[in-house]
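# What the coordinates show
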Amino acid sequence: MNWVDEAFGDPEFGEGRWYLNPKNHSRQMYKVKKPGEKPAAFGSDPEAQSGRKMGEIMQKRFTDPEEFEKLVKEANAMKEKSPFQIGQVIPLEEAKRVAELSYPVASMSCICRIGARGHEERNEHEYSCTGLGVGMLKWERWPERYKGGVNFMSPEETKEWLTKWNKKGMVHIIMTFGGSYVGGICNCDYPDCGMIRNRVDYGITPGCLKSPWVATVDFDDCNGCGVCVQRCQFGAIKFEVTTEKTNVDQFKCFGCGLCETACPTEAIDLLDRESLPALKEVW
Amino acid sequence: MAVPNFAAIDIDRSKCTIPFACKKCLTGCLQSVFSVSAIKVERGRETNPNEPGTYALHAPHRDKCTGCNDCIELCPEDAITVTFA
Amino acid sequence: MSDIYTPNNYSFELNPEMMSRLADEFDAEKVATEFAAATEGKSADEVDAQGKTFFENFGKNWMSQTLKLGEEYPDRTYEVLKEAIDKTGHLKFALLPQRFLEIAYLSTQEISILPIIENNPQRLVYRMANCTTFQKLKEKCGAETANRLPCKHACLTACQTVHEELDIDAKIEMTATIPEDGHCQFAAQRG
Ligand code: SF4
Ligand code: SF4
Ligand code: SF4
Ligand code: SF4
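Residues numbered from 1 in each chain as written. Chains lettered and ligands numbered in written order. Predicted model: local features only at pLDDT ≥ 70, side-chain atom pairs only at ≥ 80, totals over all residues. Heavy atoms only, no water.

Helices and strands together make up the secondary structure of chain B, namely 3 helices and 4 strands. Ordered by position in the sequence, the α and β elements of chain B form the string β-α-α-β-β-α-β. Oriented by its inertia axes, the alpha-carbon framework of chain B measures out at about 45 × 30 × 20 Å. Taken across its 85 residues, chain B has 40% of its residues classed as buried. Considering only residue pairs separated by 6 or more positions, chain B has 64% of its internal contacts joining residues 24 or more positions apart. Looking at chain B as shown, the accessible area adds up to about 4400 Å², and 51% of this sits on carbon and sulfur atoms. Measuring between centres, the 9 positive side-chain charges of chain B sit 6 Å from its 10 negative side-chain charges. (Helix = DSSP H or I, 4+ residues; strand = E, 2+ residues; numbered from the N terminus. Buried < 20%, exposed > 50% of the residue type's maximum accessible area, 1.4 Å probe, protein only. Contact = heavy atoms within 4.5 Å. Areas by Shrake-Rupley, 256 points an atom, 1.4 Å probe, with all protein chains shown as cover. Lys, Arg positive; Asp, Glu negative; His and termini not counted. Charge placed at Lys NZ, Arg CZ, Asp CG, Glu CD.)

Now for the site of ligand 4. Residue and element names in this part refer to chain B. Around ligand 4, the surrounding shell consists of Cys16, Pro19, Cys22, Lys23, Lys24, Cys25, Leu57, Cys75, Pro76, Glu77 and Ile80. Every element with two or more residues in the shell around ligand 4 is listed here: helix 1 (19-22) and helix 2 (24-28). Split by residue class, the shell around ligand 4 holds 8 nonpolar, no polar and 3 charged. (Near = heavy atom within 4 Å. Nonpolar A, V, L, I, M, F, W, Y, C, P; charged D, E, K, R; others polar.)

This paragraph deals with the environment of A:Ser109. All names here are of chain A. Relative to the helices and strands, Ser109 is located in the loop between strand 2 (105-108) and helix 5 (111-117). Assessed through its relative accessible area of 1%, Ser109 is described here as buried. In sequence terms Ser109 and Val32 are 77 residues apart; their C-alpha atoms lie 29 Å from each other. In this structure, Ser109 is in contact with Ile114, Glu121, Tyr127, Cys129, Arg145, Tyr146 and Lys147, ignoring residues within four places of it in sequence. Engagement of the side chain of Ser109 in a polar contact is seen with the backbone oxygen of Lys147, the distance being 3.2 Å. (Polar contact = N/O pair within 3.5 Å; in protein donor to acceptor, adjacent residues only side chain to side chain.)

Moving on, we come to the interface of chain C and chain B. Taken together, the contact pairs 5 residues of chain C with 8 residues of chain B. Around 550 Å² of area is buried between chain C and chain B when both sides are counted, 50% of it from carbon and sulfur atoms. Linking chain C with chain B are 0 salt bridges. There are 3 residue pairs in polar contact (both at pLDDT 80 or more) connecting chain C and chain B. (Buried area = accessible area lost by both parts, 1.4 Å probe. Salt bridge = Lys/Arg side-chain N within 4 Å of Asp/Glu carboxyl O.)

Printed below as a string of structure tokens:
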């Protein structure tokens, strides 16, 4: 079991996985302000605060690389007390289970792509991120954060929408927005997704933990087409010229299942990470 | 450990005034070195990307810059300088 | 939406006038005093029987008025919720009863949020910890009567009423009590 499940999971729900614990999807709609209390300022939410803290750490790699290494280690070890956004890669089928549990679900534009590429998503056909929970009812407080609005979806629409982005090649990452509150299912890719980039390039783990699965290839079924190789955002698959088959490095694999959903011969399966002694502690 | 020889990227904000509208370097850099953010945000509205000075361009991933100079060629305002020590 | 660069002036908060109207009408001190007067000198069994009728009645009025005023004083959160319900054909349970329960408790209790433990297509669960009604009952009727929680009938009936009035089939249960757990908890399970 990974530390997020230990801290925030409930064995009674969804095999103890934190993102399937209904309590982590529940929040009040209203908060009564004390007399004279001002409305929250832009950037005072947990997402923005965590982003700024991470930004300060990242800055250190230019000024004090040793300090940077130290701060990264600390951030990775913080666990449930972490002030950082927690995120975990999950395969499509798991993301669909979240769609059944979270109310409401709305698609919206991806904040990472806005920042990294100036990429705008202006309507429901373009939105590539999802916000979860009652906070979405209040998106118009900060249109700059949402840029273009949001589109509320039924559970069935959400599943179709997730499938669409999976087909395009996006990794699903389930994210918290403050504590254990599940705030979004992001559809991510390298390098514009901050969470994937921070993990892959800098070894910062909390925002991009691995999924409870790892990919495996059945050599008898693999025809060597190479489709899966293009799908992997983590550089875990290569085409092996000698065997004319594909090859997964399970130590590098994040268990996103993108290779599995694209393989035309169903040669790829997702194995339970904890069934592999060398990988069961690799999150 | 000495600070590695990363690219120093200078963005002249007096020339790069509407980065979210222009975004040529953002979309053109192979290494995705740049990032843009709104520096003027008001409750209840979007920030106008065509109004000068509302967004700022940064180079948070300059440790990934290879010095290809593509951004310099793409920039219509000559706002970027990339130097290696 | 008109111009995306012109600020909207939406309020996402509950209307203060609505809240003070509910606070005045369903004041905990007032109801506890009335209940104390009505039950003075009566046996525990009589108090229980009377408590049920008295607080069921109170709970029904409390929620009926909440539903009425909650509609009279909309806020942007509610408008967007209604649009989302229309658009998706979902969300009515648990979010519509949740809104009115939040209004009912936030208006009459000294809390800034109503802790929502679960809100999903199957269940709505919420919790009351420092309940003013319970405190006032303790003051006016004594700890013994308060600990028998006559007031639970108000909460249960209010929760029942909001689902009935909104035409939602749900089973209402009390899953924790202040004397035993330090907080009261109510659950609506979709039928
Ligand atoms: S997509 Fe499937 S068949 Fe093609 S190379 Fe990958 S595992 Fe083999
Ligand atoms: S090998 Fe497959 S499951 Fe593993 S990270 Fe790559 S695409 Fe995802
Ligand atoms: S020099 Fe090349 S790698 Fe460096 S920032 Fe410019 S475009 Fe990117
Ligand atoms: S290309 Fe030049 S003007 Fe355009 S955003 Fe980049 S630095 Fe600014």
